[in-house]
Amino acid sequence: MEDALVNDQLRDYSGKPAIREWVKRDIIGERLTMNVTKVINHYGNFIVTANVDGNFDKRGLPDPLVLAFYFTTQSDLIVQLIILRNRFDI
């Protein structure tokens, strides 16, 4: 969708050009890999939990790094993706 939104590391990327640059830099450029551990359909939205690895700076991050990807869809298109590192130690 033209006005789709991604929020990764508390930064917004809005629209196809910005999302394309984010993917190029932070996903492809960092050689990101994801091992999906859980998928939940929550009232038509999807929450995907995955162990994430790649060539990014891992200092201070847990091993494995577990991220939750919150997808919102409309008409079979992703309109919003929010990526969070949920804390389990609280």
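Preceding block: the structure.
Within each chain, residues carry numbers counting from 1 in the order of the written sequence. Reporting in this predicted model follows two pLDDT cut-offs: at least 70 for local features of residues, and 80 or more for side-chain atom pairs to be given and counted; totals over whole chains, interfaces and linings ignore these cut-offs and use all residues. Derived side-chain values reflect all non-hydrogen atoms in the structure, with water molecules and hydrogen atoms excluded from consideration.

**Considering the sheet that holds strand β4 (residues 45-53)**
Convention followed: What makes two strands pair is DSSP finding at least two bridges between them. Each helix is a run of H or I in the DSSP string that is no shorter than four residues. Each strand is a run of E no shorter than two, and both are numbered from the N terminus. Angles here are taken between N-to-C directions and fall from 0 to 180 degrees, while the axes themselves are lines fitted to C-alpha atoms, restricted in helices to the stretch in contact. Throughout, a residue-residue contact means that at least one pair of heavy atoms, one from each residue, lies within 4.5 Å.
The strand order β2-β1-β6-β5-β4-β3 describes an open sheet built from six strands, whose pairing is mixed. Looking at the sheet topology across the chains shown, the edges are occupied by β2 (11-14) and β3 (33-42). Recorded for the sheet is a direction-independent mean angle of 20° between the axes of neighbouring strands. By the bridge criterion, seven bridges tie strand β5 (residues 65-74) to strand β6 (residues 77-84) in an arrangement that is antiparallel. Among the inter-strand pairings, Phe 71 is bridged to a residue of β6, identified as Leu 81. This element, helix α1 (residues 16-28), spans β1 (5-8), β2 and β6 of the sheet and lies at about 125° to β2.

**With respect to unusual backbone geometry**
The phi angle of most residues is negative, glycine excepted, and most peptide bonds adopt the trans form. In the segment running from Asp 63 into Pro 64, the intervening peptide bond is cis, with an omega of 10°. Examined against the element boundaries, Pro 64 turns out to sit in the loop between β4 and β5. The backbone phi angle of Leu 10 is positive, close to 65°, even though this residue is not glycine. In this structure, Leu 10 sits in the loop between β1 and β2.

**What to know about the side chain of Asp 26**
For clarity, the cut-off: For the purposes of these results, a polar contact is taken to be a pair of N or O atoms within 3.5 Å, where, inside protein, one atom must be able to donate a hydrogen and its partner to accept one; residues adjacent in sequence count only when each atom of the pair is a side-chain atom.
If you trace the backbone, Asp 26 turns up in helix α1. Among the polar contacts made by the side chain of Asp 26, one reaches the side chain of Arg 25 at a distance of 2.9 Å. Beyond its immediate sequence surroundings of up to four residues, Asp 26 is in contact with Asp 8, Tyr 13 and Leu 32.

**What about α1?**
Definition in use: Throughout this description, buried means an accessible area under 20% of the type-specific maximum (1.4 Å probe, protein chains only), exposed means over 50%, and partly exposed covers the range between.
Buried within α1 are the following residues: Ile 19, Trp 22 and Asp 26. Residues of α1 that are buried in the fold lie against β1, β2 and β6.

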